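# Per-entry structural report
Chain by chain, the residues:
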Amino acid sequence: MHPLALDAATLTALVSAATAAPSMHNTQPWRFRLDPGTVTVEIHAAAERSLPFEDPQGRALHVAAGAAVFNLRLAVAHFGWDPVVRPLPDPRLPSLLATVRLAPRARAEQAIRSDLYDAIWHRHSSRLPFGDRPVEPGLRLELSEAAHAEGGVLDWPEPHESARLLAVTAEAEQRNRLDPDRGTESRRWLDREGGTGIPQAALGPQDAFEQLPLRDFSARRHVEQLPSQAFERFPTLATLMTEHDRRTDWLRTGQALQHVLLVATAHKLRASLLHQAMEWQDLRSRLRTPHAPSGHVQMLIRLGYGPEGPATPRRAPQEFLDTGDDSGTEGA
């Protein structure tokens, strides 16, 4: 294949990889368009799948887009090109979040993380109990390096600090349950048809020890009505931070987060995201750790060894493509 030829099947594969990324409530808030003249894939925000009450600034949407960009980068490299990324390339088009241009491979010997590309299809959030096996120091370092490669910082709080972070998350979860607009919005994405949202099988139980505040997507006010199991007594947490808190940093966060999650998946390490406190500005500021008091916490990640967790659905790749008057693909 000519390095600048992109057929319809390859474009579909690229979009499939990108849309396997995580998004809040599995809204999959992206649209993709191919510019055939420059062989560039554009990633646009899908406003109709935004969360105006739980994500009013669009921070989580940008994080999801960044995760999709990282998957797209891996897929572009997998098919033999170099991905050239530009975040927020046109200030006149705020919905255009990033572009990925397919460039000829600069170096034939360039290594491709095939294990990370394969991990795209196996990564799932696991909201199930993990075991007591610790995350080894060497793997923690590898995960930290993955975040650093994308401009993020992964911090590993000590147990007493983890307990404090969980307490802040529990306060955020309680606020979410009591907020009628947020509760209605969350429930709207439960058991949806059409390949979006969270199915019941993927929700997971609550912690019988009441120390790990997992999100109740049904936003019930009486948590005791939910099924529960005993979770790990000492959860392994990591905070993902950036130096600044701009739209570009949110996109950078998504790439760092997905890099971390795929490295974890490649090592059979499971993960779930504790996002509740990110949705309240005053609580999010309290998540800063003593190791990085000036950083902006973008995600709280729970890691451990345990069940893979059920997959959440995805829409068909063609539904994400905005072809306009020309798809720009060969054989389309």
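From a predicted model like this one, the values you see are computed outputs, not experimental measurements. (Residues numbered from 1 in each chain as written. Predicted model: local features only at pLDDT ≥ 70, side-chain atom pairs only at ≥ 80, totals over all residues. Heavy atoms only, no water.)

### Quick word on the overall build of the protein chain
Keep this limit in mind: The helix and strand labels rest on DSSP assignments: H or I over at least four residues marks a helix, E over at least two residues marks a strand, and numbering proceeds from the N terminus. Computation of the radius of gyration draws on C-alpha atoms, with the globule rule given as 2.2 Å multiplied by the number of residues to the power 0.38. When accessible area is computed with a 1.4 Å probe and restricted to protein chains, residues below 20% of their type maximum are described as buried, those above 50% as exposed, and intermediate ones as partly exposed. In this description, contact between two residues means that some pair of their heavy atoms is separated by no more than 4.5 Å. Residue-level accessible areas treat just the shown protein chains as cover; the underlying method is Shrake-Rupley with a 1.4 Å probe. The charged-residue count follows a simple rule in which Lys and Arg add positive charge and Asp and Glu add negative charge, with His and chain termini not counted at all. Here the site of a charge means NZ on Lys, CZ on Arg, CG on Asp, or CD on Glu.
In terms of helices and strands, the protein chain carries eight helices and ten strands. Over its C-alpha trace the protein chain gives a radius of gyration of 19 Å, about what one expects of a compact globule, namely 20 Å for 332 residues. For the C-alpha atoms alone, the extent of the protein chain along its principal axes is close to 60 × 40 × 35 Å. Scored against the burial criterion, the 332 residues of the protein chain give a buried share of 53%. At a minimum sequence separation of 6, the contacts of the protein chain that also span at least 24 residues come to 77%. Only carbon and sulfur atoms are counted for the fraction: they give 53% of the accessible area of the protein chain, which is about 14,700 Å². The distance from the centre of the 37 positive side-chain charges to the centre of the 42 negative ones in the protein chain is 2 Å.

### A closer look at the pattern of salt bridges
Where we set the bar: Any Lys or Arg side-chain nitrogen located within 4 Å of an Asp or Glu carboxyl oxygen qualifies as a salt bridge.
Summed over all chains, the structure comprises 21 salt bridges. The salt bridge involving Glu48 is made with Arg49; its shortest N-O contact spans 3.4 Å. Of the residues examined, Arg49 reaches a relative accessible area of 9% and is grouped as buried.

### Let's talk about unusual backbone geometry
At Asn26, a position not held by glycine, the phi torsion is positive, near 55°. As for its position among the elements, Asn26 is in the loop between α1 (8–18) and β1 (30–35). Take Asn26: its relative accessible area is 3%, and that puts it in the buried class. At Glu210, a position not held by glycine, the phi torsion is positive, near 60°. Among the structural elements, Glu210 can be located in the loop between β6 (206–207) and β7 (228–229).

### Looking at empty space enclosed by the protein
Just so we agree on the cut-off: Here a cavity denotes a set of grid points, spaced 1 Å apart and computed over the protein atoms alone, in which a 1.4 Å probe fits but from which it cannot get out, and a pocket denotes an open set meeting protein on both sides within 12 Å along at least five of seven lines; residues with an atom within 4 Å of a point are reported as lining. Grid points are joined across faces, edges and corners, and a volume is the space filled by probe spheres set on the points.
Taken as a whole, this structure holds five cavities of 30 Å³ or more when the rule is applied. For the largest cavity, the calculated volume is near 120 Å³. Elements that contribute at least two residues to the lining of the largest cavity include exactly α7 (247–266) and β9 (270–274). In terms of residue count, β9 provides more of the lining of the largest cavity than any other element does, four residues in total.

### Considering the side chain of Thr99
Along the polypeptide, Thr99 turns up in strand β4 (residues 96–104). Judged by its relative accessible area of 11%, Thr99 is buried. What Thr99 contacts, discounting residues up to four positions off in sequence, is Thr40, Val41, Glu42, Ile43, Val84, Val85, Arg86 and Pro89.

### Considering the pairing of β9
For the record, the criterion: At least two DSSP bridges between two strands are required for those strands to pair.
Counting buried residues along β9, four of its five residues qualify, which places the element largely inside the surrounding structure. Bridge count between β9 and strand β10 (residues 296–304): five bridges; the pairing is antiparallel. Among the inter-strand pairings, Arg270 is bridged to a residue of β10, identified as Gly304.

### A look at the sheet that holds strand β8 (residues 236–242)
To keep it simple, the criterion reads: The angle between two axes is taken between their N-to-C directions and runs from 0 to 180 degrees, where each axis is a line fitted to C-alpha atoms and a helix contributes only its stretch in contact.
Read from one edge to the other, the open sheet built from four strands follows the order β5-β8-β10-β9, with strand pairing classed as antiparallel. Looking along the sheet, the strands with just one partner apiece sit at the ends: β5 (153–155) and β9. Averaged over all adjacent pairs, the angle separating strand axes in this sheet is 30°, with direction ignored. When β8 meets β10, the two strands line up antiparallel, connected through seven bridges. From the neighbouring strand, Thr236 faces β10, where its bridge partner is Leu303. On the sheet, helix α4 (residues 137–149) packs against β5, β8 and β10 and is oriented at approximately 150° with respect to β5.

### Digging into the side chain of Thr239
Examined against the element boundaries, Thr239 turns out to sit in strand β8. Judged by relative accessible area, which is 1%, Thr239 ranks as buried. Residues in contact with Thr239, not counting those within four places in the same chain, are Val153, Leu154, Asp155, Pro157, Leu165, Thr289, Val297, Met299 and Leu300.

### What to know about the nonpolar core
Nonpolar side chains in soluble globular proteins generally cluster together in the buried interior. Rules: By nonpolar core is meant a set of buried Ala, Val, Leu, Ile, Met, Phe, Trp, Tyr and Cys residues that side-chain atoms within 4.5 Å join together.
Of all hydrophobic cores here, the largest spans 61 residues; its most connected members are Trp30, Ile43, Leu143, Leu154, Ile301 and Leu303. Tallying contributions element by element places helix α2 (residues 59–78) first for this core, with twelve residues. Beyond its immediate sequence surroundings of up to four residues, Leu154 is in contact with Leu143, Ser144, Ala147, Ala238, Thr239, Leu240, Val260 and Ile301. Within the second largest apolar cluster, 17 residues are counted, among which are Leu166, Leu212, Phe231 and Met241.

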